[in-house]
Amino acid sequence: MKAKLTANKSYVIGEISPRLYGSFIEHLGRAVYGGIYEPDHPLADDMGFRKDVLELVRQLNVPIVRYPGGNFVSGYNWEDGTGDKSKRPRRAELAWSSIETNQVGIDEFQEWASRAGCEVMMAVNLGTGTVEDAKNLVEYCNFPGGTKYSDLRRANGFEKPFGIKTWCLGNEMDGPWQIGHKTAEEYGRLACEAAKVMKLTDPSIELVACGSSHSGMPTFGLWETEVLRQCWEQVDYLSLHSYYGNRSGDTAEFLGCSLDMDRFIESVAAICDYIKAIKRSDKTMRLSFDEWNVWYHSNEKDKQAEKWLVAPPLLEDAYTFEDALAVGCLLITLLKHADRVKIACLAQLVNVIAPIMTENGGKAWAQTIYWPFMHASRYGRGKALRCVVECGSYRTARYGEVPYLEAIAAVDSGELTVFAVNRSLDEDMELELDISGFGRLELIEHIALTSEDLKAVNTAEKPDAVVPSAGKTAGTAPSLEKHSWNVLRYRIAGR
Ligand code: AHR
């Protein structure tokens, strides 16, 4: 099959925010305990962090990690996780029916993040928490000293403020499952007041208001409209969340899920612009897609999970090769909206619906989805270019007409990178690239992720079942294997 991608140096979508490649660690399952932190592990460092996991995270180039939840944050008292570890309370954690030991809290997590080379995106509890709790946490983290909470931080051994820049005003507050669930009016008012005192405490921070938990929520649209009416002036981002899965067993349809993400982003951007218009505002609301991934493999198992355990194995999706293709399509979609989506977090990072898996006391390895994420975060930098794609398409019940080729180009410091997924399950694709304005392009490399088996997974025993290899392109005529993820890297050699 043939396809064509046309782009021009001058037709820029926008600057790609490095924070498009963020991720997420929640106190959920084995994300923290047994994931990033396991003091008894042979590879634990001086603070109990797993060095093998840190290395895999560093390779991913994750610039920002959202913490500590998720649903967890809506019942969380952040003070439980500070100070002398032997005095920290064990709590019945209601979001995931587990026991939280509080051996890791913000004191430890900000240290882990700096060892992993990322910044923390901190969420405050607006479920059971108050405006005052939110203010105290900002004071604890960011105030230099000479006040109750900043001096508490110093007494806990952290002289310098953590300097956390980006804060989430709660999590999925539209969801009836959320501890302290609120109506849009209730949440919008609370977010506005919390934002006000948080920014009075540290005017340099930026804030993310909760959008809908997903576009299928009955209140989707109305929620965004009301929340933004209430707190437009105080917030800097609106959040989006979305998870996908091949529940029907129809791979071709599943690979169309990025069309849903695309429509979701466009709808939320339109709502933001509507509020901008009625408020006569000159601010363009940025979007924070701070939870996205494939999530469905573990759903049935999790329904049977035993309750009130410490760090039980929950949401441990073993990702297949086709999931990696879907993640590739979703990454390309985020890049297509680089002008608007300025933060995105792959949910999550370790063990819980994650690119990195571990065994307690044992190995750590990269899941299939690790690879497209790593490629995008490494090479999807600079500016995203508007691409016109000409190719055949196929019809799906769920997402309508789906093009065989999903692709985007990014240009950065003398290099042009094309990311492309060939969605065809049967045919290789000959891709004609018409990219003008750069002069001569020399192929640096073609990286491909391919597998005959769509359901192949990486495991502790076979961590290399799905790994990238050299693609088939020679010169400037890319050949994309059937069902494959591709990274075409060109040096801009000029005229
Ligand atoms: O990422 C898992 C969960 O999904 C999060 O806790 C919640 O915010 C979302 O529903």
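Residues numbered from 1 in each chain as written. Predicted model: local features only at pLDDT ≥ 70, side-chain atom pairs only at ≥ 80, totals over all residues. Heavy atoms only, no water.

**Brief notes about the site of the ligand**
- Close contacts around the ligand come from 13 residues, with E26, N71, E172, Y243 and E291 the closest.
- In the environment of the ligand, an oxygen atom lies 2.7 Å from a nitrogen or oxygen atom belonging to the side chain of E172.
- With respect to the ligand, the side chain of Y243 contributes an N or O atom lying 2.8 Å from an oxygen atom.
- Protein chains shield 95% of the accessible area of the ligand, which is 280 Å² for the free molecule.
- Tallied by class, residues from the shell around the ligand come to six nonpolar, four polar and three charged. (Near = heavy atom within 4 Å. Polar contact = N/O pair within 3.5 Å; in protein donor to acceptor, adjacent residues only side chain to side chain. Areas by Shrake-Rupley, 256 points an atom, 1.4 Å probe, with all protein chains shown as cover. Nonpolar A, V, L, I, M, F, W, Y, C, P; charged D, E, K, R; others polar.)

**Thoughts on unusual backbone geometry**
- In this structure, P68 follows Y67 across a cis peptide bond, with omega equal to 0 degrees.
- With respect to the helices and strands, P68 occurs in the loop between β3 (64-67) and β4 (91-93).
- Between A347 and the following residue, Q348, the backbone shows a cis peptide bond with an omega angle of 0 degrees.
- Residue placement: Q348 occurs in the loop between β11 (341-347) and β12 (356-358). (Helix = DSSP H or I, 4+ residues; strand = E, 2+ residues; numbered from the N terminus.)

**Here we look at the sheet that holds strand β17 (residues 405-412)**
- Spatially, β21-β20-β23-β18-β17-β14-β1-β19-β22 is the arrangement adopted by the nine strands of the open sheet, whose pairing is mixed. In the strand order of this sheet, the two ends are held by β21 (469-470) and β22 (479-480), each with one partner.
- In this structure, β17 lies alongside strand β18 (residues 415-422), joined through eight bridges in antiparallel fashion. Its bridge partner being in β18, L405 is matched across the sheet by N422. (Pairing = 2+ DSSP bridges.)

**Section: the nonpolar core**
- Ranked by size, the top nonpolar core spans 133 residues in total, and within it W112, W167, L169 and W292 carry the most contacts.
- Of the residues forming this core, the biggest block, eleven residues, is contributed by helix α10 (residues 321-336).
- Lining this core are residues from two domains, each supplying at least three of them: domain 1 (2-8 + 386-494) and domain 2 (17-379).
- Contacts of W292, omitting those with residues within four sequence positions, involve S242, Y243, M261, V327, L330, L331, L334, A344, C345, L346, A347 and F373.
- L385, L405, A407 and I435 belong to the second largest nonpolar core, which has 20 residues in total. (Core = buried A, V, L, I, M, F, W, Y, C linked by side-chain atoms within 4.5 Å. Buried < 20%, exposed > 50% of the residue type's maximum accessible area, 1.4 Å probe, protein only. Domains from an automatic or database assignment. Contact = heavy atoms within 4.5 Å.)

**Topic: the packing of aromatic side chains**
- Scanning all chains against the criterion turns up 18 aromatic pairs.
- With centroids separated by 6.2 Å and ring planes inclined at 70 degrees, the aromatic side chains of Y140 and F162 adopt a geometry described as edge-to-face. Of this pair, Y140 sits in helix α3 (residues 131-142) while F162 is found in the loop between α4 (148-155) and β7 (166-169), placing the two residues 22 residues apart along the sequence.
- Look at Y140 and you get buried, because its relative accessible area is 0%.
- Here Y243 and W295 contribute two aromatic rings whose centre-to-centre distance is 4.8 Å and whose plane-to-plane angle is 85 degrees, an arrangement assigned as edge-to-face. With a gap of 52 residues between them, Y243 in strand β9 (residues 237-244) and W295 in the loop between β10 (286-294) and α9 (299-303) connect regions that are remote in the sequence.
- Through a chain of ring-to-ring contacts, the aromatic side chains of W78, Y140, Y149, F158 and F162 assemble into a single cluster.
- The aromatic ring of F24 is capped on one face by R66, whose charged end is 4.7 Å from the ring centroid.
- One residue, R286, lies across the ring of Y237, its end atom 4.5 Å from the ring centre. (Phe/Tyr/Trp six-rings, centres within 6.5 Å; stacked < 30°, edge-to-face > 60°. Lys NZ or Arg CZ within 6 Å of the ring centre and 35° of its normal.)

**Observations concerning the sheet that holds β7**
- The sheet built from eight strands closes into a barrel, its strands ordered β2-β3-β6-β7-β8-β9-β10-β11 with parallel pairing. For this sheet, the mean inter-axis angle between neighbouring strands, taken without regard to orientation, is 30 degrees.
- Relative to β11, strand β2 (residues 22-24) is paired through three bridges, and the arrangement is parallel. Bridge assignment links G22 to a residue of β11, and that residue is C345.
- In the packing of helix α8 (residues 257-278) onto the sheet, the strands contacted are β9, β10 and β11, and the crossing angle to β9 comes to about 160 degrees. (Axes fitted to C-alpha atoms, helices over the stretch in contact; angles between N-to-C directions.)

**Observations regarding the environment of H241**
- Here H241 lies in strand β9.
- Spatially, the C-alpha atoms of H241 and V467 are 28 Å apart, while their sequence positions differ by 226 residues.
- Reaching out from H241, the side chain makes a polar contact with the side chain of E172 at a distance of 2.5 Å.
- Within the local environment of H241, its side chain forms a polar contact with the side chain of D290, the two groups lying 2.6 Å apart.

**Points about the domain arrangement of the protein**
- Here the protein is partitioned into domain 1 (2-8 + 386-494) and domain 2 (17-379).
- Contacts between domain 1 and domain 2 engage 41 residues on the former and 35 residues on the latter.
- Summing both sides of the interface, domain 1 and domain 2 together bury roughly 3200 Å²; the carbon and sulfur share of this comes to 69%.
- Remark: the boundary between domain 1 and domain 2 carries two salt bridges.
- Here E322 ties to K455 by a salt bridge, and the two come within 2.9 Å at their closest N and O atoms.
- For the pair domain 1 and domain 2, the interface holds 16 residue pairs in polar contact (both at pLDDT 80 or more).
- For the side of domain 1 that touches domain 2, a count of residues per class yields 24 nonpolar, eight polar and nine charged. (Buried area = accessible area lost by both parts, 1.4 Å probe. Salt bridge = Lys/Arg side-chain N within 4 Å of Asp/Glu carboxyl O.)

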